[in-house]
Structure formats: structure tokens, C-alpha cells
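# Secondary and tertiary structure notes
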Amino acid sequence: MGSVKVYISNRQKDVKIPTGIRLLIRRCCHAVLVLENFTEDAEVSVSFLNDEQIQQLNKEYRGKDAPTDVLSFPLGSDGKYDRNQETGACMLGDIVISVPRAIEQARMYGHSLRREMGFLTVHSMLHLLGYDHEEGGLEALKMREKEETVLTELGLQRDSSYVLDQDEV
């Protein structure tokens, strides 16, 4: 496996980024590349935004005038990537995460912000590598399996199962 350089920028002022989140983002990016047997040096940009900022990007690039949790902007396709002229690294693309939305979703799903930020990062990294879930079916299932594999490796597995306890029936 080559090295991965993750450039992280905080472009929002609504929420203080908790300690350890930047390291978590880097670990998630690295873990996806290991899972995918990506052997070359790589670069990824991750930006933290607020809902208004991500809504603008969602409107501009996807035609959806609503905030979303995360957007991925791949710089390659079919395994071919732009290269950093100075380092030769594959430039995989950009990930933008709405921090307020991530906090809201962590509460809604009943798990930690670390789990949610990890999930959004892993999900987006898979998009940068060409995975797509928009059509559903087998491709969406493959993507979800890969997400859970990486998150479990990083100690961010789901906190609950889908099996109901006797007193919940």
C-alpha cells in the first residue's frame, strides 16, 4: 500500500470539531485504501462545512436545493486518477461533510459522532474509488458491506443489532 495524504480543512464556524476527529478521518481514508488494495500514493481533501454551505454545493453540482450530510467529488474514473505533478500521488478527490448534519444524524441513529463521521468518510471514500449505491441492488449492498467492514476494523461497528430482546416484542 502506498501512502495517503489527507488534507483536512474546517470551513465552518457553527460547531467546534471534537478532539480526535481529524485523526479518525485519516484512519478511515487509509483503511478504505487498504481494503481496496490501492497500492499507489494517494491524496484526498476533506472539508468540514455547515448546512448552508453544503446545500449550496448540493444545488450547484447535483441540482438538489437541500442540505445533505456528505458530498463526494471524485477526480478519477475507471481506476484512472489525476496526478499531483510534484508528488506523483493519485488525487482521488474531495469529500465535504456537514458537521451539524453529522451531529444530528448521530443523535437520530443513536450512535456516537465518531461513528457517524467515520461512516460518512468511509462512504465518501468508496464513492471516490468508483462505488455507487444510487441504483440500489447488489452495488448498494456491496458498498454497505465494505463500509461496515472498515468501520468494524476501526472499532466503530454498529452499537446495536437488529434482533429484538424479549421485552421489546
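Let me sum up the structure you'll find in this document. (Residues numbered from 1 in each chain as written. Predicted model: local features only at pLDDT ≥ 70, side-chain atom pairs only at ≥ 80, totals over all residues. Heavy atoms only, no water.)

Scanning the chain from terminus to terminus reveals five helices and six strands. Ordering the α and β elements of the chain from the N terminus gives β-α-β-α-β-β-β-β-α-α-α. What you see for the chain is a C-alpha radius of gyration of 16 Å, in line with the 15 Å of a compact globule of 169 residues. For the chain, the spread of C-alpha atoms along the principal axes amounts to about 60 × 35 × 35 Å. Looking at the chain as a whole, 42% of its 169 residues qualify as buried. A separation of at least 24 residues holds for 69% of the contacts in the chain among residues at least 6 apart in sequence. Roughly 9,700 Å² of accessible area belongs to the chain as shown, and the carbon and sulfur atoms make up 48% of that amount. (Helix = DSSP H or I, 4+ residues; strand = E, 2+ residues; numbered from the N terminus. Rg over C-alpha atoms; globule rule 2.2 N^0.38 Å. Buried < 20%, exposed > 50% of the residue type's maximum accessible area, 1.4 Å probe, protein only. Contact = heavy atoms within 4.5 Å. Areas by Shrake-Rupley, 256 points an atom, 1.4 Å probe, with all protein chains shown as cover.)

Burial within strand E6 (residues 90-98) is extensive, with seven of its nine residues counted as buried. When strand E2 (residues 42-49) meets E6, the two strands line up parallel, connected through eight bridges. What sits directly across from Leu49, in E6, is Ser98. The sheet contact formed by strand E3 (residues 70-74) and E6 spans five bridges and is antiparallel. Looking at E6, one finds that Ser72 is bridged to Ile95. Of the strand pairs in this sheet, strand E5 (residues 80-83) and E6 are connected by two bridges, and their pairing is antiparallel. What sits directly across from Arg83, in E6, is Cys90. In this antiparallel pair of consecutive strands, E5 and E6, the connection spans six residues, and Gly88 shows a positive phi of 80°. (Pairing = 2+ DSSP bridges.)

Before going further, it helps to examine the packing of helix H4 (residues 113-128) against helix H5 (residues 137-153). Between H4 and H5, the least distance of the axes is 10 Å, while the angle of their chain directions is 130°. Our classification of the angle between H4 and H5 gives oblique. Crossing handedness for the pair H4 and H5: right-handed. Together, Arg115, Gly118, Phe119, Val122, His123, Leu126 and His127 of H4 and Met143, Arg144, Lys146, Glu147, Glu148, Val150 and Leu151 of H5 make up the contact between the two elements. Looking at the contact of H4 with H5, its residues break down into six nonpolar, three polar and five charged. (Axes fitted to C-alpha atoms, helices over the stretch in contact; angles between N-to-C directions. Parallel < 35°, antiparallel > 145°, perpendicular 65-115°, else oblique. Left-handed = near helix turned anticlockwise from the far one by under 90°. Nonpolar A, V, L, I, M, F, W, Y, C, P; charged D, E, K, R; others polar.)

Three or more residues of helix H3 (residues 99-109) are buried, namely Val99, Pro100, Arg101, Ala102, Ile103, Gln105 and Ala106. Packed against the buried residues of H3 are E2, helix H2 (51-62), E6 and H4. The backbone nitrogen of Arg101 has a side-chain oxygen 3.3 Å away, supplied by the residue at the start of H3, namely Ser98. Once H3 finishes, Gly110 follows within two positions and takes phi at roughly 70°, a positive value. (Polar contact = N/O pair within 3.5 Å; in protein donor to acceptor, adjacent residues only side chain to side chain.)

What the largest pocket holds in volume is close to 460 Å³. Lining of the largest pocket is provided by 22 residues; of these, Val70, His123, His127, His133 and Glu134 occupy positions nearest its centre. Secondary structure elements with two or more residues in the lining of the largest pocket: H2, E3, H4 and H5. The element that contributes the greatest number of residues to the lining of the largest pocket is E3, accounting for five residues. When grouped by side-chain class, the residues that make up the lining of the largest pocket number ten nonpolar, six polar and six charged. (1 Å grid on protein atoms, 1.4 Å probe; cavity = no way out; pocket = protein on both sides within 12 Å on 5 of 7 lines; lining within 4 Å. Points joined across faces, edges and corners; volume = space filled by probe spheres on them.)

Grouped together as the largest cluster of nonpolar side chains are 39 residues, with contacts concentrated most on Phe48, Leu92, Ile97 and Met125. Among the secondary structure elements, those contributing two or more residues to this core are helix H1 (21-35), E2, E6, H3, H4 and H5. It is H1 that contributes the most residues to this core, eight residues altogether. Apart from residues lying up to four places away in sequence, Met125 is in contact with Cys29, Val32, Leu33, Val44, Leu92 and Ile95. (Core = buried A, V, L, I, M, F, W, Y, C linked by side-chain atoms within 4.5 Å.)

Nothing here speaks to function; it is geometry throughout.
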